[in-house]
Amino acid sequence: MTPIIIKLGGYQKPASVHTRAAVRFGKVLMEKLGDQVTFELVGDVLALGRKSGDLPRMVESGELSLCYISTVRFTAAVPEFKLLELPFVVRDRNSIMRALDGELGGLFSSRMHDASPFRLLGLWDNGFRHLSNKVRPIRTPADCRGIRIRTQMSELHGETFRALGFEPDPADVKEFVEEIGTDRFQAQDNPLTNIFNFGVHHHHRHITLSGHFFGMSALICNAAHYNRWPLEVQAAVEAAAVEATALQRQLAAAEDAEIMAQLDPYQNNIVHLSDAERAAFVQAVEPVRAKYRRELNPRLFELLC
């Protein structure tokens, strides 16, 4: 019997929490299925000259079986994912993970199945996003004015940064990594893991621990492929996704402290916001929050709490 080829794609280096989780996925899959499958990990499509945004298209076309990618890539098909793009709506990891493992996660999953060619297998922790820049320390919204900031491919993120006074410049992570050393991106936002592992801290002296967004990645599978696989393969893929998701979240939760310990205070100025300073940022983006509270189903916000 010819083995089923299952390829999982990503866009991070081997040390990243995402890649380590993807490796775990493959290991569990092979342990459960042995010669029935051949697993291939395409760990970093950026190194192949592809953009991270190509990943869903690669899964849809069948070039890949699965990938992980930020949920911001799916808001056109699943507007409910905009909930996870709103600033300052996630209080802490425990509460968001409980919600995603409960009714809220189930809602995202069913909407993804109904509105896209993908099956949602897991929601991975992209962490609290923080600001970094090469211009000046940022402690208030006034400090953001006139600074060009790289953003994810998200209109909602652009609205948030404009409300703070930034000049948003949306770019795929491939462009961002290639051009971070130039003057194009005076500022950016990312979780600490990406600030460190993408080498942003070498170019941006100032890092503000704003925690303005909490990002999630969707682990997705080509639904048509999934439906053609034997039930035993489907079950093994689901089980491998559960284990990979648990590991990824565990690693992500631990990594903030690990990265902070590695940042050199002589190279980087770490800004810790006071409660009052943080409140000023929340107030500045309140028009954006209010707009989407009117647009989105109120039930989403109830499930988030």
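Before any of the text, the structure's been laid out above.
All of the points below concern the structure found in this document.

Assigned secondary structure in the protein chain consists of 12 helices and nine strands. Taking 305 residues into account, the globule formula puts the C-alpha radius of gyration at 19 Å, and the protein chain, at 19 Å, falls close to it. Taken over the C-alpha atoms alone, the protein chain extends approximately 65 × 40 × 30 Å along its principal axes. The buried share of the protein chain, reckoned over its 305 residues, is 57%. Here the contacts in the protein chain between residues at least 6 apart in sequence split such that 75% fall between residues at least 24 apart. A total of about 12900 Å² of accessible surface is found on the protein chain, and carbon and sulfur atoms cover 51% of it. Mean positive and mean negative side-chain charge positions of the protein chain (35 and 37 charges, respectively) differ by 2 Å.

Turning next to the nonpolar core. Counting residues in each nonpolar core, the largest one holds 79 residues, and the members touching the most others are Ile 6, Phe 25, Leu 29, Leu 104, Phe 108 and Met 112. In contact with Met 112, not counting residues within four places along its chain, are Phe 74, Val 78, Phe 81, Phe 118, Leu 120, Ala 218 and Ile 220. Formed by 15 residues, the second largest nonpolar core is a distinct cluster that contains Phe 161, Leu 164, Phe 166 and Val 271.

What follows concerns helix 4 (residues 103-115). The first and last C-alpha atoms of helix 4 sit 18 Å apart over 13 residues, in line with the 18 Å expected at 1.5 Å per residue. Where helix 4 is buried, its residues touch helix 3 (93-100), strand 4 (118-133), strand 8 (206-222) and helix 12 (298-304).

This next bit is on the layout of surface pockets. Of the voids in this model, the largest pocket is the one considered here, and its volume is about 160 Å³. Lining the largest pocket are Leu 100, Asp 101, Gly 105, Ser 109, Leu 120, Leu 121, Gly 122, Leu 123, Thr 245 and Arg 249. Those elements giving two or more residues to the lining of the largest pocket turn out to be helix 4, strand 4 and helix 9 (231-262). With four residues, the single largest contributor to the lining of the largest pocket is strand 4. Tallied by class, residues from the lining of the largest pocket come to four nonpolar, four polar and two charged.

Time to look at the pairing of strand 3 (residues 66-70). Within strand 3, five of the five residues are buried, which leaves the element mostly enclosed by the surrounding structure. Burial along strand 3 is two-sided: Leu 66, Tyr 68 and Ser 70 facing one way and Cys 67 and Ile 69 facing the other are all buried. Two strands pair when backbone bridges link them, and strand 1 (residues 4-9) and strand 3 are joined in this way by two bridges, in the parallel orientation. Bridging across to strand 3, Leu 8 finds its partner in Leu 66. Summarising the sheet, strand 3 and strand 8 pair through five bridges and their orientation is antiparallel. Bridging across to strand 8, Leu 66 finds its partner in Cys 221.

With the rule as written, the count across this model stands at 24 salt bridges. Residues Arg 50 and Asp 54 are paired through a salt bridge, measuring 3.3 Å at the closest nitrogen-oxygen approach. Here Asp 125 makes a salt bridge to Arg 93, at a shortest N to O gap of 2.6 Å. Taken as a pair, Asp 125 in strand 4 and Arg 93 in helix 3 lie far apart in primary sequence, 32 residues in all. Among the residues examined, Arg 93 registers a relative accessible area of 16% and is labelled buried. Each of Lys 51, Asp 169, Glu 175, Glu 179 and Arg 184 takes part in salt bridges that share partners, so that together they form one network.

Thresholds, definitions, all that
- Residues numbered from 1 in each chain as written.
- Predicted model: local features only at pLDDT ≥ 70, side-chain atom pairs only at ≥ 80, totals over all residues.
- Heavy atoms only, no water.
- Helix = DSSP H or I, 4+ residues; strand = E, 2+ residues; numbered from the N terminus.
- Rg over C-alpha atoms; globule rule 2.2 N^0.38 Å.
- Buried < 20%, exposed > 50% of the residue type's maximum accessible area, 1.4 Å probe, protein only.
- Contact = heavy atoms within 4.5 Å.
- Areas by Shrake-Rupley, 256 points an atom, 1.4 Å probe, with all protein chains shown as cover.
- Lys, Arg positive; Asp, Glu negative; His and termini not counted.
- Charge placed at Lys NZ, Arg CZ, Asp CG, Glu CD.
- Core = buried A, V, L, I, M, F, W, Y, C linked by side-chain atoms within 4.5 Å.
- Expected span 1.5 Å × (residues − 1).
- 1 Å grid on protein atoms, 1.4 Å probe; cavity = no way out; pocket = protein on both sides within 12 Å on 5 of 7 lines; lining within 4 Å.
- Points joined across faces, edges and corners; volume = space filled by probe spheres on them.
- Nonpolar A, V, L, I, M, F, W, Y, C, P; charged D, E, K, R; others polar.
- Pairing = 2+ DSSP bridges.
- Salt bridge = Lys/Arg side-chain N within 4 Å of Asp/Glu carboxyl O.

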